[in-house]
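Each chain, letter by letter, is given below.
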Amino acid sequence: MDGADRREFLEFDRVQKSYDQENLVVRNFDLSVAEGEFVTLLGPSGSGKSTVLMMLAGFESLTSGDIRIQGQSIARMAPYRRDIGMVFQNYALFPHMTIAENLAYPLKLRKMSGAALKAKVQEYLDLVELGGFGNRRPAQLSGGQRQRVALARALIFEPRLVLMDEPLGALDKKLREQMQFEITRLHKQLGFTVIYVTHDQTEALTMSNRIAVFNAGVVQQCDAPDVLYESPKNGFVADFIGENNFLPGELVGLDGGSAMVRISSGETLRCRRADAERVGMRCNVSVRPEKLFFDSPAQSCENRFHARFTTQLYVGDFIRYFVELPDGTPVVIKLLNDSAAPSFTEGEEVTLIAAPQDCSAFEPTDPIPEE
């Protein structure tokens with residue numbers, strides 16, 4: 001899918017939103033989406049992602065900018081004319097209607113009736129594997145079943161675009177994972193375009209073609225999940241996507257795309273340059289727990305540094321090791337639980353290694369607030 005295809009389907013053009021005409025909750029938002037793409041808006045609470053979704057749905061007005069679908073501006077179009085399906089966290093099903101009647105509702109609004117309507121309702125009940133549940137009411141279904149009904153109702157009139165606002169937030173972990181699979185399956189099977197909002201980074205990584213990471217109303221990076229995880233552009237993205245260690249240090253040299261950072265233990269590490277650009281500046285070296293290893297005679301690696309072992313945590317298929325740098329900075333190492341897993345005593349000095357391509361030098365950022 002090239003950029004031209006994306007612009008032809010859905011385009012946000014310098015969209016901004018302010019509720020008080022002073023503070024922007026969304027700033028200069030640009031995004032092009034290809035037909036059939038699954039794009040997730042990801043970020044902490046209050047970052048602006050849901051506001052973007054509400055502007056796209058027509059429930060919030062734009063302060064400035066434009067939104068176009070297939071080249072047509074929808075900024076001033078009534079919500080019901082946008083041909084958009086929506087799935088909410090609270091299901092939004094009509095409790096007094098049966099499941100079949102809930103699915104029939106959007107079809108009746110579009111003047112479908114008779115045998116065609118009944119056949120369509122049954123088709124979508126079967127599609128979400130609830131074929132025998134048409135005569136039940138929402139209160140008689142489990143949370144996962146109700147969310148599948150909500151999904152079927154959003155899809156049954158075959159909208160060109162489906163919006164999902166934290167649709168799995170009310171489900172427990174097992175049901176969330178099941179519904180992630182269901183939504184992904186239906187997306188691949190039916191080919192509809194999805195704009196999905198969540199603050200759950202694992203959910204975003206699992207389901208999306210691309211992820212736009214929000215912070216304070218600004219998109220920090222929009223890329224494929226593997227690019228976001230392996231090559232974050234700044235410390236906020238590195239911290240928000242997956243787990244990361246941040247080792248404080250000083251930028252002491254630059255060499256093309258590489259940065260040399262002296263960390264608190266005294267060693268100098270070669271890193272991906274990222275957004276650290278000025279020799280002498282304070283910066284953080286980020287390295288993910290699964291990319292850190294304990295040194296051994298069989299391994300050779302340019303980046304080595306010393307730390308003190310504190311404890312370890314058994315988590316079934318892997319072990320989490322906790323160590324500290326001399327300045328007290330905590331560091332986590334995540335290794336498979338197998339016969340090669342080492343053991344240490346509390347206070348023992350250890351040497352860690354990390355490949356230069358797995359380390360990134362970032363400007364320091366404020367910690368992400370807890371949800």
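Structure: above.
Re unusual backbone geometry
Step number 1: Although it is not a glycine, Gln21 adopts a positive phi angle of roughly 65 degrees.
Step number 2: Judged by relative accessible area, which is 63%, Gln21 ranks as exposed.
Step number 3: Phi angles above zero are rare outside glycine, and Glu158 is one such case at about 55 degrees.
Step number 4: Inspection of the secondary structure assignment puts Glu158 in the loop between α5 (143-155) and β7 (161-165).

What to know about the environment of Pro95
Step number 1: On the secondary structure map, Pro95 appears in the loop between β6 (84-88) and α3 (99-109).
Step number 2: Look at Pro95 and you get exposed, because its relative accessible area is 61%.
Step number 3: In this structure, the C-alpha to C-alpha distance between Pro95 and Leu56, residues 39 residues apart in sequence, is 27 Å.

Some words on the sheet that holds strand β17 (residues 318-324)
Step number 1: Strand order in the open sheet formed by 5 strands is β15-β19-β16-β17-β18, and the pairing between neighbours is antiparallel. Lying at the two open borders of the sheet, with one neighbouring strand each, are β15 (293-294) and β18 (330-336).
Step number 2: Across 5 bridges, strand β16 (residues 304-314) lies against strand β19 (residues 349-353) in antiparallel orientation. Note that in β19 the partner of Phe305 across the bridge is Leu352.

Focus: the side chain of Thr98
Step number 1: Relative to the helices and strands, Thr98 is located in the loop between β6 and α3.
Step number 2: Its relative accessible area of 11% is what places Thr98 among the buried residues.
Step number 3: Apart from residues lying up to four places away in sequence, Thr98 is in contact with Gly134, Asn135, Arg136 and Arg137.

Criteria and thresholds
- Residues numbered from 1 in each chain as written.
- Predicted model: local features only at pLDDT ≥ 70, side-chain atom pairs only at ≥ 80, totals over all residues.
- Heavy atoms only, no water.
- Buried < 20%, exposed > 50% of the residue type's maximum accessible area, 1.4 Å probe, protein only.
- Helix = DSSP H or I, 4+ residues; strand = E, 2+ residues; numbered from the N terminus.
- Pairing = 2+ DSSP bridges.
- Contact = heavy atoms within 4.5 Å.

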